[in-house]
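Secondary and tertiary structure notes
Below, each chain spelled out in residue letters.
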Amino acid sequence: MGKGFFISKVVAVVCVVVAISAVATIIALSVVYAQEKSKNQETPATATTGTTAGPGTQTTTPSTPKEPWQHYRLPDSLSPISYNVTLWPRLTPNPDGLYIFSGYSTVLFTCVNETDLILIHSNKLNFTMFDGYHAQLKAVDGASAPQLKKSWLEVPTQYLVIQLSSPMQAGSTYELFTEFVGELADDLGGFYRSEYYEDGVRKILATTQMQPTDARKAFPCFDEPAMKAQHLTYQLPPCDDFKLISITFCLFSSTSFGPTEIMSTYLLAFVVCDFGFIQSDLGAEVLIRIWARRKAIDEGQGAYALEKTGPILSFFEKYYKIPYPLKKSDQIALPDFSAGAMENWGLITYRETALLYNPAVSSNGDKEWVATVISHELAHMWFGNLVTTRWWNDLWLNEGFATYVSYLGANYTEPDWNMSDLIVLNEIIGVMAVDALASSHPLSSKEADVMRPEDINALFDSITYSKGAAVLRMLSSFITEEVFSNGLSMYLEEFKYKNTVYQDLWKNLQTAVDNAGIQLPHSVEVIMNRWILQMGFPVVTIDTSTGKISQKHFLLNPDSVVDVPSEFNYEWFVPITWIKTGAAKDQYWLLTKEDMTIGASEWLIANIDMKGFYRVNYDSENWDRILTKLSTQHQAIPVINRAQIIDDAFNLARAKIVSTTLALSTTRFLNAELEYMPWQTATRNLDYFVLMFDRSEVYGPMQGYINKKVTPLFKHFKDLTANWTKIPEKHTDQYNQVNALSWGCSTGVEGCKELTTAWFKEWMDNPDNNKISPNLRTTVYCSAIAEGGVVEWDFAWGMYRNATIASEAEKLLYALSCTKQPWLLNRYLEYCLVPEMIRKQDATFTINYIAGNPIGQPLAWDFIRANWDHIFNNYGGGSMSFGRLINGVTKRFSSEFEYKQLLQFKEDNINQLGSAASSLEQALERTKANMDWLALNKKLVFDWFTNEISGTV
């Protein structure tokens, strides 16, 4: 049937979306979950002889594993060739009230090294026993296979273990057959179920999320990235609709699919759903389809994604210089999905907010998110899918690269948005705050340090994505984008359908650099290893009076202890770009801790457009010259560097390198600033002051100062939009209009609250006609709910419950956290653990939204502590990011009492922190830094703001 997608006429009412990576056949098996579960509780037959030790009664993996099945990594004795898997999901509950799936699998594999042991991953599957064993083994091409001696499930390491009576022969090929049943749970991992309502009718679909280690929840497999294989797939939907699946014996028609390319198990995907789709023109070289709920498709919410997918694919074909590897690209928006999206090869799965766009309801931010996420996932079709890193310790290369080039793809398809600059705001500035902690981690780890599933899950963080993107952007800058692209092309061509380590990329980029004749102070590998094998980044200090340049490991808390040694002694090879009195100068390489190179100047700014991943400090005279230039002619400094000056100064002040008053002084020019990037950077840094002071006497004069700065911006957008009736043309102006309104209402700019309250009341009076601009809705909703009471809250909650557009629901989900009523916030917190009220995928975000409210923060912290056991056990896997939760709820912590509470929380839950362990350490470090900062700066900040509001702008 080829690699396309076909729908059986008998089941035309139901769509079965299957990736080229799909690995399912839906057929009727006459076993029920309870029966299979009871079978697998039987004790397997005990063998009396053999060369491999038995399992004993071990229930947990020892710290020093002795047996092969106690190791989390597969041995190299077996190599999969192909899978042929049959699955049947039941989309109605069985008599025990469970949703289940049943199936069987045949994996063809080669014995690489002689062995009498088969280890294959399996998690939460119950197996049919064959003569007391969990599987059947046979040799291919008429040879005889060893007899099975013993089999069992090793739960801690998630293996099906099969001991053989004699060894398999190296070079021989074998087939392993299993039959199994699993739960089609709502845990957002593996093969899981999602639910939604359409026209009041509850509908259920079955879908997947395999990355990183959940393919083993769908079928037994060699579930490691390097274990690439083909997948031979067939789909057999039962009867003529899913209402009849409880009938065991019925006629059904099959849908079959050809073999996939050689690929990793984590890239598999299959979806069984009642969805609609739109597609590219017939005859197109690559068939593109956008799938979603039928109503969403009928409303045109998939049109923007369809419009942009083709051009982005074409961009990457040119960028990589390799054609798109497949014949089709299906993209599907799911009601329940843990991540933003997943790059399954041929069937990309998305949250609805990351794929669907409705111009009548969605904001420009929603539109940008769709474009960048599509670009990110399509970038993976080559980098990650065609060529895959060998193990998860190099996840940064996969995700950091896709994050970086996603901005290139989005910039190509939306050239007016200036996406190549927005990466600074969206990725780089934020992650620098995380990487400045002593509890950060290097981009690349040793394979031995990343073994358990929870270790792997913990790597899906901002360091991996955003710092990975930042250092690759820096590399691309100093070798040029063209040479970077050439090196990537060579890398992909050499390793297509294979696995790599990061050194393979460095080698190909070095070849491209040599071919282009670019002179570097060291090889690409030597330069870049200092950025990926040690955590953190430097602060570069330039003394313009002497020309002295030096570097030092930048730590947000200078008193924190870095207990992780570095072979590079936390020194970097730093590419320094700079302008002197407005004129760009040649790039300079800082190769040691100190060097002499630059003479005095009128004013100097380094790290142009923040292409380098480092902060910059200057001598006090140059800081004064920069502040003068900002206050008199701020546009003489590039817009990204105006943002950089603010961000560097505030972070240098937190690190006690410069004074806090100097940092605050970098915001004085904002009353004349109209550009988004400086305003947004100032907003983020002043948000820290809000977090630290919104419960103290400093808050009043601080609000007064911000009011003075934002009032001109508020008036500017009032005029630009003809009294808020028009949408600004410029993409970033639309963003900055939100800053004007948000700061205006929160600091009491005249007329702002009255404006938002009136808009919201008008909507309440006519719920079917929401005239509030989509760009402004989040701010308007929040402001109105904060000023209102239970009537406004209940109205917004009702609109959230009835929302059919995911981006609108997300705006309301946030705005509901803005209320000042503690009892409403407590009720909202309780809703977070009721999936029928708030989807599991949204629970983390909602709790963090509530914690962002100064009234809600202590309520959220109490809620987390009281319910941690339930959250950890019921919202594990893909449904909740524990690390994100801890970071969000504790970001306001700044007292000794809160620090001790964190320590107590760590002690109470030491054995069930999972992926939150590293985030908890970061929270402790951040809290300590906040405490120290407050002790030093509270009076100083109060006096500065008080003096500023008493004077003139």
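It should be emphasised that the depicted structure is a prediction, and the values quoted were computed from it without experimental measurement.

Counting secondary structure elements, the chain contains 28 helices and 28 strands. Residues classed as buried in the chain amount to 61% of the 953 residues present. Once local pairs closer than 6 in sequence are excluded, the contacts in the chain between residues at least 24 apart make up 74%. For the chain, the accessible surface area stands at approximately 35,400 Å², while carbon and sulfur atoms represent 51% of it.

Turning to unusual backbone geometry, a few remarks are in order. Residue Q211 is joined to P212 through a cis peptide bond whose omega torsion reads 0 degrees. Positionally, P212 belongs in the loop between β11 (201-209) and β12 (230-235). We note that L188 has phi near 65 degrees; this positive angle belongs to a residue other than glycine. Looking at the secondary structure, you find L188 in the loop between β9 (173-183) and β10 (190-198). Non-glycine residue W724 carries a positive phi angle of around 70 degrees. With respect to the helices and strands, the residue W724 is situated in the loop between α17 (699-720) and α18 (731-746).

Pairing in this open sheet of 5 strands is mixed, and the strands run β15-β16-β17-β19-β18 from one edge to the other. The two strands at the open ends of the sheet, each matched to only one other strand, are β15 (275-279) and β18 (341-342). Sheet analysis places β15 next to strand β16 (residues 287-293), joined by 5 bridges and oriented antiparallel. Across the sheet, F275 pairs through a bridge with R293, a residue of β16. Strands in contact with helix α5 (residues 364-380) are β17 (328-334), β18 and β19 (347-351); relative to β19, the strand with the most contacts, it is inclined by about 150 degrees.

One way to say it: the disulfide is the covalent bond shared by the sulfur atoms of two cysteines. If you walk through the whole model with that rule in mind, you get 2 disulfides. The disulfide that involves C745 links it to C752, with 2.1 Å between the sulfurs. What sets the handedness of the C745 and C752 disulfide is the S-S torsion sign, and at about -90 degrees it is left-handed. For the pair formed by C745 and C752, the shared burial category is buried.

What follows deals with the sheet that holds strand β24 (residues 574-580). Read across the sheet, 3 strands follow the order β25-β24-β27 without closing on themselves; strand pairing throughout is antiparallel. Unpaired on one side and paired on the other, β25 (583-590) and β27 (604-606) mark the two borders of the sheet. Geometrically, the sheet is characterised by an average inter-axis angle of 25 degrees between neighbouring strands, direction not taken into account. Note that β24 and β27 share 3 bridges and pair antiparallel. In the strand pairing of β27, W578 is matched with A606.

Our next topic: a nonpolar patch on the surface. Side chains of V790, V791 and W823 sit close together on the surface and give an oily, nonpolar patch of about 280 Å² of accessible area. Within the secondary structure, W823 is located in helix α23 (residues 822-831). Judged by its relative accessible area of 46%, W823 falls in the partly exposed class.

This paragraph deals with the packing of aromatic side chains. Under the definition given, this model contains 65 aromatic pairs. Measuring from ring centre to ring centre gives 5.8 Å for Y491 and F495, while their planes differ by 55 degrees; the resulting arrangement is tilted. A residue pair is termed a helical-turn pair when its members lie 3 or 4 positions apart in one helix, as Y491 and F495 do in helix α10 (residues 481-495) at 4 residues. Each of the two residues, Y491 as well as F495, counts as buried.

Turning to the side chain of T756, a few remarks are in order. If you trace the backbone, T756 turns up in helix α19 (residues 752-765). Reaching out from T756, the side chain makes a polar contact with the backbone oxygen of K753 at a distance of 3.1 Å. Among all residues touching T756, those that are not within four sequence positions of it are L741, C745, V780, S783 and A784.

Annotation from UniProt places "binding site: Zn(2+)" (unreviewed entry) at H376, H380 and E399. Annotated residues spanning 24 residues; largest pairwise C-alpha distance 8.6 Å, indicating a single compact cluster. Of note, H376 is situated in helix α5. According to the relative accessible area criterion, H376 is buried, its value standing at 10%. The contacts of H376, once residues within four sequence positions are left out, are E399, A402, T403, S406 and Y465.

About the criteria used
Residues numbered from 1 in each chain as written. Predicted model: local features only at pLDDT ≥ 70, side-chain atom pairs only at ≥ 80, totals over all residues. Heavy atoms only, no water. Helix = DSSP H or I, 4+ residues; strand = E, 2+ residues; numbered from the N terminus. Buried < 20%, exposed > 50% of the residue type's maximum accessible area, 1.4 Å probe, protein only. Contact = heavy atoms within 4.5 Å. Areas by Shrake-Rupley, 256 points an atom, 1.4 Å probe, with all protein chains shown as cover. Pairing = 2+ DSSP bridges. Axes fitted to C-alpha atoms, helices over the stretch in contact; angles between N-to-C directions. Disulfide = S-S within 2.5 Å. Patch = residues over 30% accessible without salt bridge, like charges linked within 9 Å, V, L, I, M, F, W, Y side chains within 5 Å. Salt bridge = Lys/Arg side-chain N within 4 Å of Asp/Glu carboxyl O. Phe/Tyr/Trp six-rings, centres within 6.5 Å; stacked < 30°, edge-to-face > 60°. Polar contact = N/O pair within 3.5 Å; in protein donor to acceptor, adjacent residues only side chain to side chain. UniProt positions renumbered as here; feature names shortened; annotations may be inferred.

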